[in-house]
Each structure stands twice: as structure tokens, then as C-alpha cells.
Amino acid sequence: MSKDNKSGGKPTNDKSAKDTHYAALRRAHRDSKRERGEIPTPPLKKRRRSAEDWKPPTLAPEQVYLYGLHTVRAALDNKERRNVRLSATQNALARLEIDADALGIPVEIVAPHEIDRVLGPDAIHQGVMLETRPLPVRRLEALKDSPLLLVLDQVTDPHNVGAIMRSAVAFNAGAVITTQRHSPTESGVLAKSASGALELIPYIQITNLADALGELHKLGFFTIGLDSEGPAPLEGTFSGDKVALVLGSEGKGLRQKTRETVSALARLDMPGAIKSLNVSNAAAIALYAARLHLRA
């Protein structure tokens, strides 16, 4: 009889099971540290290989995945959201500080790599993912009582649009209006970049921008297109008590039809050596100037 058997211990052939147990504990500990950002980013070569191997799942038209602690918490707080399923690590669920039993949807405890399989290895999900449905469609006529709107002419980058939404919420704009074509739809990337703002401001996608601007004119809005070659500085262009700021795409700026349709064109005067700004930065400055006008 072996020494282990004499002492009442486990047989020596349980070593592999013990190793598996400790390996699982090490993986769980590593996953927890990765969630908190306490371990180094994997080498670029490894991440690139993982990204190349990953294939996004096929989503139904009404299927949206949101991720990130702040984004998911804001979506769960939004009464207009139709949520389907919450997937989170044990640590992330605790950090959400929610009553999981009161959500009314299934809550799954998962490992970070299970979320990676859905979102891809580059998504910074912080251990939480929410399957949900797109927010209800909004109409322009519902915005007639809002004094400030933001209109985007084919701004394609969801990171820029998300940052613009944050600024729009900060300056209490009534909506962000954009085109259905050549602009991002509601998605995890857009929502993560907006960091909760997607739940706080209507994101309205319209078919024809010129027609939408015409409708805004009928609702009493003075529309101002931002253009680096605009004839006058923005601060001297405002008129009336309802303003809609119109910004163009990252590369081409405003389209010709849009330039012809807005009430006025204006520029942001910049005394420094750099004469152009990222569209999200320009939006923040324009919103600030518009608020100063509306308070006057």
C-alpha cells in the first residue's frame, strides 16, 4: 500500500485531476485580472492572429450586442430598451451593482473568452455583454420643442458619432440626426464610444437629408452648416431661438446639396497653425457656441 493510502490521502493517480483543478483556478484568476486591466496586453502578433481567426456571428436585423460596464448599465436603466439576455463574469456582475433577479431577463455567468467569441478579441467589454433590441424609431416632428439639434451629413466612423453623442448630451441637444446610408447603425462600437449617451438622446436616421432639413425649416429651425470655407465665423451667424448645427463627413465635409439647403454656412475660426479639427471636436465647440447664443 502506498504512503498516500496509509495516511488516508488521495491515490497518486489523482495528480492529473488536481493539476486540472489548479489550472482552472489560474485561468479564472488571470481572467479576473484581465477584466480589471491588471495584466499586460497580449503580444501584437498573438492578438493579430486571434483577430484574423475570429469570424463575427450572423446577427438578425433586430439583434444588437452592447458591451462595457457603463454602456450596459445605462442600457439596463433605459425603460425604452427591450433587453433579451445579460452575459457577465462573476466579477463584472458585482461591479454592475444591479439586482439581477429584478431584470426580468436571463442572466448568464460566463468567462471573458466566451464573450470574446461573440464580440471579437479587440472589444473592450470589461466582462459584460447585453443582447438587446434597437431603440424605438423617432420622428423629426417630435423635436419641435427642442431649441438645439445636431445633424450629421454622412459621418461614417462610429467612434466619432459616439463621441458626438456624448457632447450632444452634455450640451442638452434634443437629438442627433443622421442619414441611413453612410452612417453607423446602432451597435456595440457606437454605444461604447458614446459611453451611455446612446440611451439619453434620440438617434434619428433619415432617408434624405435635404428633405429632413426642409422639414426642420418648417418647424422653425435655423440650420447652420459648418464649413472651413464658410463666409462668416460661427458665432456671428446664429439667428432665432431654434438652431440645428450641420456637420459633414470626416474627409469630404458637407455635400453640395447640403450646402445649398442649409440656412447659412459658417466656419470655426482657429488662430493657430492647424485649421481643421476632428468632426467630434468641431461638434463640441459648435454646441458650446450655440448654447451661448440660445442663452443670450
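In this numbering scheme, every chain counts its residues from 1 along its sequence in written order. In keeping with the model being predicted, local features are shown solely for residues with a pLDDT of at least 70 and side-chain atom pairs are shown and tallied solely at 80 or more, while totals for entire chains, interfaces and linings include all residues. Just so you know, side-chain values use all the structure's heavy atoms and leave hydrogens and water out.

## Some remarks on the sheet that holds strand β2 (residues 83-88)
Part 1 of the argument: For two strands to pair, DSSP has to find at least two bridges joining them. Put simply, DSSP marks the helices as runs of H or I at least four residues long and the strands as runs of E at least two long, and each gets a number from the N terminus on. Strand order in the open sheet formed by four strands is β1-β4-β2-β3, with mixed pairing between adjacent strands. The strands lining the two open edges of the sheet, one partner per strand, are β1 (64-67) and β3 (107-109). Adjacent strand axes in the sheet meet at a mean angle of 20 degrees, parallel and antiparallel pairs treated alike.
Part 2 of the argument: Pairing of β1 with strand β4 (residues 128-132), which is carried by four bridges, proceeds in the antiparallel orientation. Its bridge partner being in β4, Leu66 is matched across the sheet by Leu130. For every element, the axis is a line fit to its C-alpha atoms; helices are fit only across the contacting stretch, and the angle between N-to-C directions ranges from 0 to 180 degrees.

## Let's talk about the pattern of salt bridges
Part 1 of the argument: Whenever Lys or Arg places a side-chain nitrogen within 4 Å of a carboxyl oxygen from Asp or Glu, that contact is recorded as a salt bridge. Tallying each qualifying case throughout the model produces nine salt bridges.
Part 2 of the argument: With its nearest N and O atoms 2.9 Å apart, the salt bridge here joins Arg81 to Glu199. A residue pair is termed long-range when its members are at least 10 positions apart, and Arg81 in the loop between α4 (69-77) and β2 and Glu199 in the loop between α8 (188-194) and β7 (203-206) qualify at 118 residues. Glu199 carries the same exposure label as Arg81, and that label is buried.
Part 3 of the argument: Arg85 serves as the salt-bridge partner of Glu108, at 3.4 Å between the closest nitrogen and oxygen. Highlighted residues: Glu108 in strand β3 and Arg85 in strand β2, separated in sequence by 23 residues.
Part 4 of the argument: Since its relative accessible area comes to 35%, Glu108 is described here as partly exposed. Partly exposed residues are those whose accessible area sits between 20% and 50% of the maximum for their type, while under 20% is buried and over 50% is exposed, using a 1.4 Å probe and protein chains only.

## Side note on helix α9 (residues 209-218)
Part 1 of the argument: Of all the residues in α9, the buried ones are Leu209, Ala210, Ala212, Leu213 and Leu216. On an axial view of α9, the arc spanned by its buried residues comes to 160 degrees, and they lie on one face. For α9, the exposed residues set more than 90 degrees away from the buried face come down to Asp211 and Lys218.
Part 2 of the argument: Here α9 starts with a cap whose side-chain oxygen sits 3.1 Å from the backbone nitrogen of Ala210, and that cap is Asn208.
Part 3 of the argument: Looking at the residues trailing α9, positive phi occurs at Gly220, about 95 degrees. By definition, the arc is the one covered by directions from the helix axis to the C-beta atoms. Pairing of N or O atoms within 3.5 Å defines a polar contact, subject to two protein rules: one partner must be a possible hydrogen donor and the other a possible acceptor, and residues neighboring in sequence count only if both atoms are side-chain atoms.

## What to know about the sheet that holds strand β9 (residues 243-248)
Part 1 of the argument: Taken together, the six strands give an open sheet; going across it, the order is β7-β6-β5-β9-β8-β10, and neighbouring strands pair in parallel fashion. Looking at which strands have only one partner, the edges of the open sheet turn out to be β7 and β10 (264-266). Put simply, the sheet's adjacent strands are angled 25 degrees from each other on average, direction ignored.
Part 2 of the argument: In this structure, strand β8 (residues 222-226) lies alongside β9, joined through four bridges in parallel fashion. Of the residues in β9, the one forming a bridge with Ile224 is Leu245.
Part 3 of the argument: The contact definition used throughout considers only heavy atoms, calling two residues in contact when any of these lie within 4.5 Å. Strands β5 (148-153), β6 (176-179), β7, β8 and β9 of the sheet are contacted by α9, whose axis makes an angle of about 165 degrees with β5.
Part 4 of the argument: Of the strands in this sheet, β5, β8 and β9 are in contact with helix α11 (residues 279-295), which crosses β9 at around 165 degrees.

## Quick word on the environment of His125
Part 1 of the argument: On the secondary structure map, His125 appears in the loop between α6 (112-119) and β4.
Part 2 of the argument: The exposure class assigned to His125 is buried, which follows from its relative accessible area of 6%.
Part 3 of the argument: Put simply, His125 and Gly188 are 63 residues apart on the chain and 9.5 Å apart in space, counted from C-alpha to C-alpha.
Part 4 of the argument: When neighbours within four sequence positions are excluded, His125 is seen to be in contact with Tyr67, Gly68, Leu69, Pro112, Ile115, Asp116 and Leu119.

## Some words on the packing of aromatic side chains
Part 1 of the argument: Two rings from Phe, Tyr or Trp (for Trp, the six-membered ring) form a pair when their centres are within 6.5 Å of each other. A pair whose planes differ by under 30 degrees is stacked, one over 60 is edge-to-face, and the rest are tilted. According to the stated counting rule, one finds one aromatic pair in the structure shown.
Part 2 of the argument: For the ring pair Phe171 and Tyr288, a centre distance of 6.2 Å and an interplane angle of 70 degrees mean the geometry is edge-to-face. On the criterion of sequence distance, the pair formed by Phe171 in the loop between α7 (158-170) and β6 and Tyr288 in helix α11 is long-range, its members being 117 residues apart.
Part 3 of the argument: Residue classification places Tyr288 among the partly exposed positions, given a relative accessible area of 47%.
Part 4 of the argument: One residue, Lys242, lies across the ring of Phe221, its end atom 4.8 Å from the ring centre. Only lysine NZ and arginine CZ atoms are considered, and such an atom sits over a ring when it is within 6 Å of the ring centre and within 35 degrees of the ring normal.

## Comments concerning the confidence of the model for the protein chain
Part 1 of the argument: Averaged over every residue, the pLDDT of the protein chain is 86; residues scoring 70 or more account for 84%.
Part 2 of the argument: Confidence drops under pLDDT 50 across residues 1-12; counting only partners more than four residues distant or on other chains, this segment forms five contacts. A residue's pLDDT is simply how confident the predictor is in it, with values from 0 to 100.

## Details of the pairing of β8
Part 1 of the argument: Buried residues dominate β8, accounting for four of its five residues.
Part 2 of the argument: Where β8 and β10 come together, three bridges link them in parallel fashion. Within β10, the residue paired with Gly225 across the bridge is Leu265.

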